[in-house]
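So you can see what is in the structure, the chains are spelled out below.
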Amino acid sequence: MAKDMTLLWGSGSPPCWRIQIMLEEKQLQGYNQKLLNFYKKEHKSQEVLDMNPRGQLPAFKCGKHILNESYAACFFLENQYKSQGNKLIPDSPDAQALMYQRMFEVLTLGQKMLDLITYNFRVPEEERHDSAVQRNKEALTAELKLWEGYLNKTDCCLAGKEFTLADVLVFPGVAYLFRFGLCSERYPALAKYYTSLKDRPSIKATWPPTWQSTPAQDTLKTI
Ligand SMILES: N[C@@H](CCC(=O)N[C@@H](CS)C(=O)NCC(=O)O)C(=O)O
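Residues numbered from 1 in each chain as written. Predicted model: local features only at pLDDT ≥ 70, side-chain atom pairs only at ≥ 80, totals over all residues. Heavy atoms only, no water.

An unreviewed UniProt entry lists the protein chain under the name Glutathione S-transferase rho, with Amphiprion percula given as the organism. Listed under Sequence similarities (unreviewed entry) in UniProt, the entry text for the protein chain is "Belongs to the GST superfamily." (UniProt positions renumbered as here; feature names shortened; annotations may be inferred.)

Right, here's the structure in full:
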């Protein structure tokens, strides 16, 4: 069945990584895949646009179904392959409620992270303001404190002891924070979460290849 799936992806992109982790968790190795280069603008190629008119990655096709949103693809795979590989939606109402809550809350964390990390790429030099950077820093710091609090209250994974869909969707963003220099000492619960999951087979097998060959950055080291 995995032979009927195609993933166009970019290295280091959290949304792409989510689908890769999901495919591993569901034992769907052997899918067709193509690693594209953002710097060469390969995500704007006709091949991608045919699957994703926004020219963004991931672009994922499963049989006749195109799923360009990482959340949509992960939910679809969990539902279609419920009994294959790891079950990622817990039955217990407590764990399920926490899983849904955290997986959607991370969209806010992701936005605040990108507001700061991508500021210089997005905003032309003459329009940049130190005060805007400072505001972005403060917003991200406040958000990270919330996540520290959440992770201090759980055992290992976001919704309890079991690895769930929330971890598939959130872990790549947390890894991205550390890739951009988040300080483990100032954010010990996030660091513990990152360390405890980074060697999970589905995550290790899909670690962004460009992160292995290029040095980490220090954009977030002062927050
Ligand atoms: N909502 C999408 C987000 C996809 C997305 O933002 N992809 C980024 C890479 S992380 C991209 O392709 N950016 C290039 C662009 O927008 O031109 C998802 O979660 O799948």
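Text resumes after the structure shown.
**Student:** Account for the site of the ligand, naming residues and giving values.
**Tutor:** Surrounding the ligand, one finds 13 residues, the nearest of these being Lys44, Gln56, Leu57, Glu69 and Ser70. Measuring from an oxygen atom of the ligand, one finds a side-chain N or O atom of glutamine 56 at 2.9 Å. One of the side-chain nitrogen or oxygen atoms of serine 70 is found 2.7 Å away from an oxygen atom of the ligand. Relative to its unbound accessible surface of 520 Å², the ligand loses 69% to contact with the protein. (Near = heavy atom within 4 Å. Polar contact = N/O pair within 3.5 Å; in protein donor to acceptor, adjacent residues only side chain to side chain. Areas by Shrake-Rupley, 256 points an atom, 1.4 Å probe, with all protein chains shown as cover.)

**Student:** Could you give an account of the sheet that holds strand E4 (residues 65-67), naming the residues involved and the relevant values?
**Tutor:** Strand order across the open sheet formed by four strands is E2-E1-E3-E4, with mixed pairing between neighbours. In the strand order of this sheet, the two ends are held by strand E2 (32-36) and E4, each with one partner. When the angles between neighbouring strand axes are averaged without regard to direction, this sheet yields 15°. Bridge count between strand E1 (residues 5-10) and E2: five bridges; the pairing is parallel. Opposite leucine 7, over in E2, you have glutamine 33 as the bridge partner. Across the sheet, helix H1 (residues 14-25) is in contact with E1 and strand E3 (59-62); its angle to E1 comes to roughly 140°. Relative to the sheet, helix H3 (residues 70-80) contacts E1, E3 and E4, its axis offset from that of E4 by approximately 130°. (Pairing = 2+ DSSP bridges. Helix = DSSP H or I, 4+ residues; strand = E, 2+ residues; numbered from the N terminus. Axes fitted to C-alpha atoms, helices over the stretch in contact; angles between N-to-C directions. Contact = heavy atoms within 4.5 Å.)

**Student:** Describe the packing of aromatic side chains, listing the residues and the values that go with them.
**Tutor:** Counted according to the given criterion, the structure contains 14 aromatic pairs. Pairing phenylalanine 171 with tryptophan 207 gives two aromatic rings, centres 6.4 Å apart and planes at 55°, and the pair type is tilted. Within this pair, whereas phenylalanine 171 is found in helix H7 (residues 165-179), its partner tryptophan 207 is found in the loop between helix H9 (201-204) and helix H10 (209-213), the two being separated by 36 residues in sequence. When its relative accessible area of 18% is taken as the criterion, tryptophan 207 is described as buried. With 6.0 Å between their ring centres and 80° between their planes, tryptophan 207 and tryptophan 211 make a pair best called edge-to-face. On the basis of relative accessible area, tryptophan 211 is assigned to the buried category, the value being 12%. Chaining the aromatic ring pairs together yields one cluster made of Trp17, Phe171, Tyr176, Phe178, Phe180, Tyr193, Tyr194, Trp207 and Trp211. (Phe/Tyr/Trp six-rings, centres within 6.5 Å; stacked < 30°, edge-to-face > 60°. Buried < 20%, exposed > 50% of the residue type's maximum accessible area, 1.4 Å probe, protein only.)

**Student:** Just give me the short version of the UniProt feature "domain: GST N-terminal" (unreviewed entry) in the protein chain, but keep the residues and values in it.
**Tutor:** Using the residue numbers shown here, the UniProt feature "domain: GST N-terminal" (unreviewed entry) corresponds to residues 3-85. Taken end to end, residues 3-85 comprises 35% helix and 22% strand; its first and last C-alpha atoms sit 17 Å apart.

**Student:** I'd like a rundown of the pairing of E1, residues and numbers included.
**Tutor:** Across the six residues that make up E1, a large majority, five, are buried. Note that E1 and E3 share four bridges and pair antiparallel. Paired with methionine 5 across the strands is cysteine 62, a residue of E3. Taking the sense of rotation as the criterion, the β-α-β connection linking E1, H1 and E2 turns out right-handed. (Right-handed = clockwise from strand over helix to strand, strands pointing away.)

**Student:** Report on the nonpolar core, specifying residues and quantitative values.
**Tutor:** By size, the foremost hydrophobic cluster in this structure holds 70 residues, and its most contacted members are Met5, Leu23, Phe60, Leu144, Leu165, Phe171 and Leu190. Broken down by element, this core gets its largest block of residues, 11 residues, from H7. When residues of this core are assigned to domains, at least three map to each of domain 1 (2-80) and domain 2 (93-213). Here phenylalanine 60 is in contact with Met5, Thr6, Leu7, Ile19, Leu23, Met51, His65, Ile66, Leu67, Asn68, Ala73 and Leu77, once residues within four sequence places are set aside. (Core = buried A, V, L, I, M, F, W, Y, C linked by side-chain atoms within 4.5 Å. Domains from an automatic or database assignment.)

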